[in-house]
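Summary of structural features
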Amino acid sequence: MKSKLFIKAAVCAVIFVFMFVSADNRGAGIFEGSGDVGSPKLKGAVAYDAKSGKYTLSGAGQNVWAESDEFFYLWRKATGNFSISAKVSFKGKGVNPHRKVGVMIRESLTGESRYADVAVHGDGLTSLQYRPETGKATKEVVGPKDGDYIYLERRGNKIVMKTATGKSPQNVTGEIELNLPMSCYVGLYVCSHEDNAVETAYFTNVEYKPLQSELTSILEILDVTTGARTTVREFPYQIEAANWTPDGKWLIYNSGGRLYRISPDSPGEPEMINTGFAKGCNNDHVLTFDGKMIAISHGTKEDRKSRVYTLPIEGGTPRLITPMAPSYLHGWSPDSKFLTYCAERNGNFDVYIIPSEGGEEIRLTTSEGLDDGPEYSPDGRHIWFNSVRSGLMQVWRMNVDGSEQTQMTFDENSNAWFPHVSPDGQQVAYIIYHKGDLNPDQHLANKNVELRLMPAAGGEPKTLVKLFGGQGTINVNSWSPDSKRLSFVSYRLGDTAR
């Protein structure tokens, strides 16, 4: 009797575990999480058979197309270069011939996110779909019809589709260039193409592979007087935005959503800074002028949108300062009482300030187009920022109350970003992109850029160094405490320096 009861209990436990995995919408197998992207009317689910390696996804959603998506997604975070492949099939004939199943890489878990996928439609069409800009129309490269083995590869900005029938994919059937963050979401998805229908799809032979990185990040220090460049350390992955601590002992940078510190003079292994639950930190970390606190921008769990938090420089539990999102931090006032940031409200990006203890935010700019990169001057009199209001992105300056907004650079052949005032208040360093390499309101990675220097009172700028970089090179104030050196990050793709 005891034996029968034990067996019955064990069977019930197995059934309970299977139901838990199927209905809990967390991770499964090699994946970390799952859930509906967009707002499908009907909820999706995932089940995983560990013995066979088979994933069963059920999901609804209007479409993966146009300017925004609705579907069910099983994902993992991935950094650098990788591939994902699977054999896919639908359950039954389905409701809509345009239902989709596929493998996907995605910037974020919002419906309007940039993405690329290999999609197999219910009618057999296979295509490499991609959204080149957040909230913009989806494009596609049509591949051979009726393939059931699909493969998606990411190497830098290159996305490759391979397809085949009945065997592992061998032939490249689509290829695009797509700018995505180094850290993305990758996984499996299903979309019913119908509000009131749930479709089920099967994924077998699922394989995720990190690929040998072709990106090298080079943390450097530049002497602004002599032009001498010194390499602190090279990293075989992406790091960004190195800022000096006020005591000169550390450089703090971000990588893979976390913050690290490293000595600029005797670099050993980097040390991770404890940011608690904030594991989606971007390149907007800023220290107080006294070096006691650090503020971060972190993509929050509920909607993956950036919000501003503060915590002690030694690490700890972050404190939310900007409930509204997205908010991208850039500066802290010299008296530590205010933070300044770029935020999107009602479709427009402007400069705001907010008490560093939290409270009501105050809008300082109102021009159409992007105003970004705000940073306080060391004397607390001005906020420097960059604005696209003149047609190209240029450096501007205003009083801390938003008055007397004044253009400070007038380059007709470049877009100027992220002005950083030296600690002695005498000089301003910034980065420029060459006109025509991107839109004026973009600051992308992997571009030929320049670091420039100008007097804080205004005047003729000079080029300090030309390099391959852009996003992540100098997003934060990177001056040494003595105003003689700048830290920055350059990059190298493949084995050839650019």
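Since the structure is predicted, the reported quantities are computational estimates derived from the model, not experimental observations.

Further remarks concern the overall build of the protein. In terms of helices and strands, the protein carries one helix and 39 strands. Here the protein has a C-alpha radius of gyration of 25 Å; the compact-globule value for 498 residues is 23 Å, and the two agree. Contacts in the protein between residues at least 24 apart in sequence constitute 51% of all its contacts with a sequence separation of at least 6. Looking at charge distribution, the protein has the averaged site of its 54 positive side-chain charges lying 8 Å from that of its 58 negative ones.

Residue Pro326 is bonded to the preceding Ala325 through a cis peptide linkage, with omega at 0°. Of note, the phi angle at Asn205 is positive, near 50°, even though the residue is not glycine. Relative to the elements of secondary structure, Asn205 occurs in strand E16 (residues 194–210).

This brings us to the pattern of salt bridges. Tallying each qualifying case throughout the model produces 17 salt bridges. Across the pair Arg229 and Glu220 runs a salt bridge, and its minimum N-O distance is 2.9 Å. In this structure Glu220 comes out as buried when scored by relative accessible area, which is 4%. Here the residues in one salt-bridge network are Asp69, Arg106 and Arg131, joined through shared partners.

Strand order across the open sheet formed by four strands is E23-E24-E25-E26, with antiparallel pairing between neighbours. Each edge of the open sheet carries a strand with a single partner, namely strand E23 (286–287) and strand E26 (319–320). The sheet contact formed by strand E24 (residues 293–299) and strand E25 (residues 306–312) spans seven bridges and is antiparallel. In the sheet register, His298 faces E25, and the bridge partner there is Arg307.

Let us look at the confidence of the model for the protein. Put simply, the protein has an average pLDDT of 90, and 92% of its residues get 70 or more. Counted against residues more than four places away or in other chains, residues 1–24, with its pLDDT under 50, gives eight contacts.

Moving on: the nonpolar core. In this structure, Tyr55, Leu57, Leu74, Val103, Leu152, Leu188 and Phe203 are the most contacted members of the largest nonpolar core, which totals 36 residues. When residues in this core are grouped by element, the largest group, five residues, is from strand E7 (residues 82–90). Once residues lying within four places of it in the same chain are set aside, the contact partners of Leu57 are Ala45, Val46, Phe72, Leu74, Leu188, Tyr189, Val190, Glu199, Thr200, Ala201 and Phe203. Core analysis: the next-biggest nonpolar cluster, separate from the first, contains 23 residues, Ile431, Leu451, Trp479 and Phe488 among them.

With that out of the way, let us pick up the environment of Val118. Structurally, Val118 is set in strand E9 (residues 115–121). When the C-alpha atoms of Val118 and Trp396 are compared, they prove to be 43 Å apart, with 278 residues separating the residues in sequence. For Val118, the contacting residues outside a window of four places in its chain are Val101, Gly102, Val103, Thr126, Ser127, Ile150, Tyr151, Leu152, Met161 and Thr163.

Calculation rules
Residues numbered from 1 in each chain as written. Predicted model: local features only at pLDDT ≥ 70, side-chain atom pairs only at ≥ 80, totals over all residues. Heavy atoms only, no water. Helix = DSSP H or I, 4+ residues; strand = E, 2+ residues; numbered from the N terminus. Rg over C-alpha atoms; globule rule 2.2 N^0.38 Å. Contact = heavy atoms within 4.5 Å. Lys, Arg positive; Asp, Glu negative; His and termini not counted. Charge placed at Lys NZ, Arg CZ, Asp CG, Glu CD. Salt bridge = Lys/Arg side-chain N within 4 Å of Asp/Glu carboxyl O. Buried < 20%, exposed > 50% of the residue type's maximum accessible area, 1.4 Å probe, protein only. Pairing = 2+ DSSP bridges. pLDDT = per-residue confidence, 0-100. Core = buried A, V, L, I, M, F, W, Y, C linked by side-chain atoms within 4.5 Å.

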